[in-house]
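# Observations on the model geometry
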Amino acid sequence: EAGVAQSPRYKIIEKRQSVAFWCNPISGHATLYWYQQILGQGPKLLIQFQNNGVVDDSQLPKDRFSAERLKGVDSTLKIQPAKLEDSAVYLCASSRPRIRGGTDTQYFGPGTRLTVL
Amino acid sequence: AQSVAQPEDQVNVAEGNPLTVKCTYSVSGNPYLFWYVQYPNRGLQFLLKYITGDNLVKGSYGFEAEFNKSQTSFHLKKPSALVSDSALYFCAVREDSGNTPLVFGKGTRLSVIA
């Protein structure tokens, strides 16, 4: 089975510019997550979707970050405008919920490394 | 709120020797515990998890972890380390109920020396 796909793999922008990341989860995985991983730290959850609804976005800086999953499959994460401190790896993960025979195990994509200059 | 501590930033071990990467956790309810490995420029790869049942969990690539409820620990182990095991290892925890988020430790870098 194909894994979680993300693009682009790398992105360099200047502060105050906008950027968008794309994620395609594993087929059949209803739950999708976006994480931010700053160098030297563990991943931190930004937002969790169940199908196309938001389950948890309490850690998402909503003044500049937005995410959507309109058809319950692919998702995009946008930063507008970017700040220097947004430099990080943005990871997408997906899982199949327990109520649908899943195990809650999250499977991660390769990530997008964002550098803000 | 749940939390994870990985007390060692770096673990060095000689090839062929046993390795241990430490993890302790804190949750209000019952824990779901996970170990992930991250190679350079790659995403996180799932190694193993504890949900319920046997305290010794076996996972990918010969790794195993032991759940110890009294010590709130979930240490990752391998009987004989390989140079290819060198990577960044993350422990993560979530509560067993509802849609609580997965919380990660800061990671431990494992270096296996030939």
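First, a word on scope: everything that follows refers to the structure included in this document. (Residues numbered from 1 in each chain as written. Chains lettered and ligands numbered in written order. Predicted model: local features only at pLDDT ≥ 70, side-chain atom pairs only at ≥ 80, totals over all residues. Heavy atoms only, no water.)

Our next topic: the interface of chain B and chain A. Of the residues lining the interface, 20 residues belong to chain B; the matching set on chain A comes to 23 residues. Taken over both partners, the interface formed by chain B and chain A buries close to 1,600 Å², and the fraction arising from carbon and sulfur atoms is 48%. At the junction of chain B with chain A, the criterion picks out 0 salt bridges. Here the side of chain B that touches chain A takes 4 residues from strand β5 (residues 31–38) of chain B, the largest share from any one element. Class assignment for the residues of the side of chain B that touches chain A results in 9 nonpolar, 6 polar and 5 charged. (Contact = heavy atoms within 4.5 Å. Buried area = accessible area lost by both parts, 1.4 Å probe. Salt bridge = Lys/Arg side-chain N within 4 Å of Asp/Glu carboxyl O. Helix = DSSP H or I, 4+ residues; strand = E, 2+ residues; numbered from the N terminus. Nonpolar A, V, L, I, M, F, W, Y, C, P; charged D, E, K, R; others polar.)

Once that is clear, we can look at the layout of surface pockets. Estimated volume of the largest pocket: approximately 540 Å³. Surrounding the largest pocket, 28 residues form its lining, Gln37(A), Leu39(A), Arg113(A), Gln38(B) and Leu88(B) being those nearest its centre. (1 Å grid on protein atoms, 1.4 Å probe; cavity = no way out; pocket = protein on both sides within 12 Å on 5 of 7 lines; lining within 4 Å. Points joined across faces, edges and corners; volume = space filled by probe spheres on them.)

In a disulfide, the sulfur atoms of two cysteines are held together by a covalent bond. Residues and elements named next belong to chain A. Applying the stated criterion to the full structure yields 2 disulfides over all chains. Put simply, Cys23 and Cys92 are joined by a disulfide, and their sulfur atoms are 1.9 Å apart. An S-S torsion of about -70 degrees defines the bridge between Cys23 and Cys92 as left-handed. Of this pair, Cys23 sits in strand β3 (residues 19–24) while Cys92 sits in strand β9 (residues 88–95), and the two are 69 residues apart along the sequence. (Disulfide = S-S within 2.5 Å.)

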